[in-house]
Each structure stands twice: as structure tokens, then as C-alpha cells.
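In case you want the letters, here they are:
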Amino acid sequence: RFESVRNDALKLDELYLNSIGGDKETEKVSSELKTFEHESPDFKIEYPSKWIDNLNPPPWPGIVFYTSQPPRGFMSIHVHDKSTPFLQPDYSLEKATAYRAQGLNNWGTDVKIISDQKVSLKDGKTANEGLIEFREFGAAKRNNLAIVVDKQNKWITVQLGIPSAFYNEELKSILYSLEFK
């Protein structure tokens, strides 16, 4: 019986996304951008100007910024001191995606790491990029794309949470606009 309810929920989610344009090609990242700037560590990131800033920011640990474009997704930025008890003692760039996937098990099912790689930002800073796919609360298929950086004894995580129907590679340009001063 539960499987039947789950399958119905998946069908409803797909119908909803299709009704709001999820079946069409995902729109391009706008050329009209806003900038979020953070101090200590000093960095900035650009994102589409039509996104809504701090709309019901979730009570996640370390969150310093939240913006969204409902129902297409959100971007959140987290800054954690390395001594934060919230993080695993062996947290590292190499394990960042695996730990994020472990945390997403609290939000959904069918959690799968799609990609996990070391990358360089435009300022040459080494980061970890990870893409995770999962079903939020067992129903809606989502992608979580993040860049994690080690800077000034802090972990900086910039993540996009996007319904899978709206995910495209161009969204990476938002994360890769992250620049340290």
C-alpha cells in the first residue's frame, strides 16, 4: 500500500513540475545579476537578480545567506568554523560530498552521488564540487549541487537545491562566480 501511495506522489510531482514549465528546457542564468558579499572570510558570489533574498531562510547550521526562485530552487551559503561540533572531526574537501549525501538521508530517499571532484575556482582556489540526486521526503526528485572551500580555518559551502526537472549545467556558473578577496 505504501508503494502505491509513493508512486502516486511521484506522478503528482511530475505533473506539477510539467504544469509550471519543468518539461521545457531550463531557462538560462540571467545576465542581470546581484552580488552577495561576506566578510571574514571575504568573498562574493553573483546570482540571478530575479531570485528572492532571504525568503524564509531555513534554520540550518552556519547559514549566512539564502535566496530562492520558487518553485525552481534555492541557493544557500554556509560558513562553519572548523571546530564546529556539527561537523565530523575528519571533515575534508575529499569527504565533503559524502558527508552532504549522508545529511541528505535525513531529507529524503534514493540519495545518489552523481559527481564528486576537486576543482579550481576562477581565482585559483581549490574547492570540492559535488552533485547529489535524491528524492525529497521520498517523492520529489531533487539535485543538490555544491562547492565547498577551505579558507581561513573555515568551511564555506555554497549549494543549490533544485528540482531535477530544472537542473542544467549552466547553473554551475552561479557557484563558479564565488570569488575570494
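Bear in mind that the values here come from a model prediction, so they are computed numbers and not experimental data.

Each value, and the rule that gives it
- Residues numbered from 1 in each chain as written.
- Predicted model: local features only at pLDDT ≥ 70, side-chain atom pairs only at ≥ 80, totals over all residues.
- Heavy atoms only, no water.
- Pairing = 2+ DSSP bridges.
- Helix = DSSP H or I, 4+ residues; strand = E, 2+ residues; numbered from the N terminus.
- Phe/Tyr/Trp six-rings, centres within 6.5 Å; stacked < 30°, edge-to-face > 60°.
- Buried < 20%, exposed > 50% of the residue type's maximum accessible area, 1.4 Å probe, protein only.
- Lys NZ or Arg CZ within 6 Å of the ring centre and 35° of its normal.
- Contact = heavy atoms within 4.5 Å.
- Axes fitted to C-alpha atoms, helices over the stretch in contact; angles between N-to-C directions.
- Polar contact = N/O pair within 3.5 Å; in protein donor to acceptor, adjacent residues only side chain to side chain.
- Core = buried A, V, L, I, M, F, W, Y, C linked by side-chain atoms within 4.5 Å.
- Salt bridge = Lys/Arg side-chain N within 4 Å of Asp/Glu carboxyl O.

Some details on the sheet that holds strand 10 (residues 179-180)
Right, on to step 1. The strand order 1-2-10 describes an open sheet built from three strands, whose pairing is antiparallel. Looking at the sheet topology across the chains shown, the edges are occupied by strand 1 (33-38) and strand 10.
Right, on to step 2. For strand 2 (residues 43-48) and strand 10, the ladder comprises two bridges, and the chain directions are antiparallel. Pairing of Phe43 across the sheet is with Phe180, part of strand 10.

What to know about unusual backbone geometry
Right, on to step 1. The linkage connecting Ser40 with the following residue, Pro41, adopts the cis geometry, with an omega of 0 degrees.
Right, on to step 2. Phi angles above zero are rare outside glycine, and Ser40 is one such case at about 55 degrees.
Right, on to step 3. Mapped onto the fold, Ser40 is located in the loop between strand 1 and strand 2.

Remarks on the packing of aromatic side chains
Right, on to step 1. One pass over the structure, following the stated rule, counts seven aromatic pairs.
Right, on to step 2. Look at Tyr47 and Phe65: their rings are 5.4 Å apart centre to centre, the planes differ by 55 degrees, and that puts the pair in the tilted class. Of this pair, Tyr47 sits in strand 2 while Phe65 sits in strand 4 (residues 63-69), and the two are 18 residues apart along the sequence.
Right, on to step 3. The exposure class of Tyr47 is buried, given its relative accessible area of 2%.
Right, on to step 4. Taken together, the aromatic side chains of Phe36, Phe43, Tyr47, Phe65 and Phe180 make up a single cluster linked through ring pairs.
Right, on to step 5. Over the aromatic face of Trp155 sits the side chain of Lys82, whose NZ or CZ is 4.8 Å from the ring centroid.

Looking at the sheet that holds strand 9 (residues 154-163)
Strand pairing in a sheet takes place through backbone hydrogen bonds and is either antiparallel or parallel in direction.
Right, on to step 1. Strand order in the open sheet made by the seven strands is 3-4-5-9-8-7-6, with antiparallel pairing throughout. Two strands in the sheet have a free side with no partner beyond their single neighbour: strand 3 (52-53) and strand 6 (108-120).
Right, on to step 2. Pairing analysis gives six bridges linking strand 4 to strand 5 (residues 73-81), with the strands arranged antiparallel. Bridge pairing links Gln69 to Gly73 in strand 5.
Right, on to step 3. Against the sheet, helix 2 (residues 96-104) touches strand 6, strand 7 (126-136), strand 8 (140-151) and strand 9, its axis set at about 20 degrees to strand 7.

Thoughts on the environment of Glu37
Right, on to step 1. Structurally, Glu37 can be placed in strand 1.
Right, on to step 2. Residues Glu37 and Phe180 lie 143 residues apart in sequence; the distance between their C-alpha atoms is 9.7 Å.
Right, on to step 3. Here the side chain of Glu37 touches Lys181 through a polar contact of 2.6 Å, side chain to side chain.

Some thoughts on the side chain of Thr67
Right, on to step 1. Within the fold, Thr67 resides in strand 4.
Right, on to step 2. With relative accessibility at 0%, the residue Thr67 sits in the buried group.
Right, on to step 3. Only 3.1 Å separates the side chain of Thr67 from the backbone oxygen of Ile52, close enough to count as a polar contact.

Quick word on the nonpolar core
Right, on to step 1. Counting 27 residues, the largest nonpolar core has Phe43, Met75, Ile77, Ile147, Val158, Leu160 and Leu178 as the members making the most contacts within it.
Right, on to step 2. Sorting elements by how many residues they give to this core places strand 9 first, with four residues.
Right, on to step 3. Not counting the four nearest positions on each side in its chain, Ile77 is found in contact with Phe36, Phe43, Ile45, Gly62, Ile63, Val64, Phe65, Thr157 and Val158.
Right, on to step 4. Of all hydrophobic cores here, the second largest spans six residues; its members include Tyr91, Leu93, Ala96 and Val148.

Observations regarding the pattern of salt bridges
Right, on to step 1. By the definition in use, this model includes 12 salt bridges.
Right, on to step 2. Asp53 is the salt-bridge partner of Lys34, the closest N and O atoms lying 3.4 Å from each other. With Lys34 in strand 1 and Asp53 in strand 3, this pair connects stretches of sequence that are 19 residues apart.
Right, on to step 3. Residue Asp53 is classed as partly exposed on the basis of its relative accessible area of 31%.

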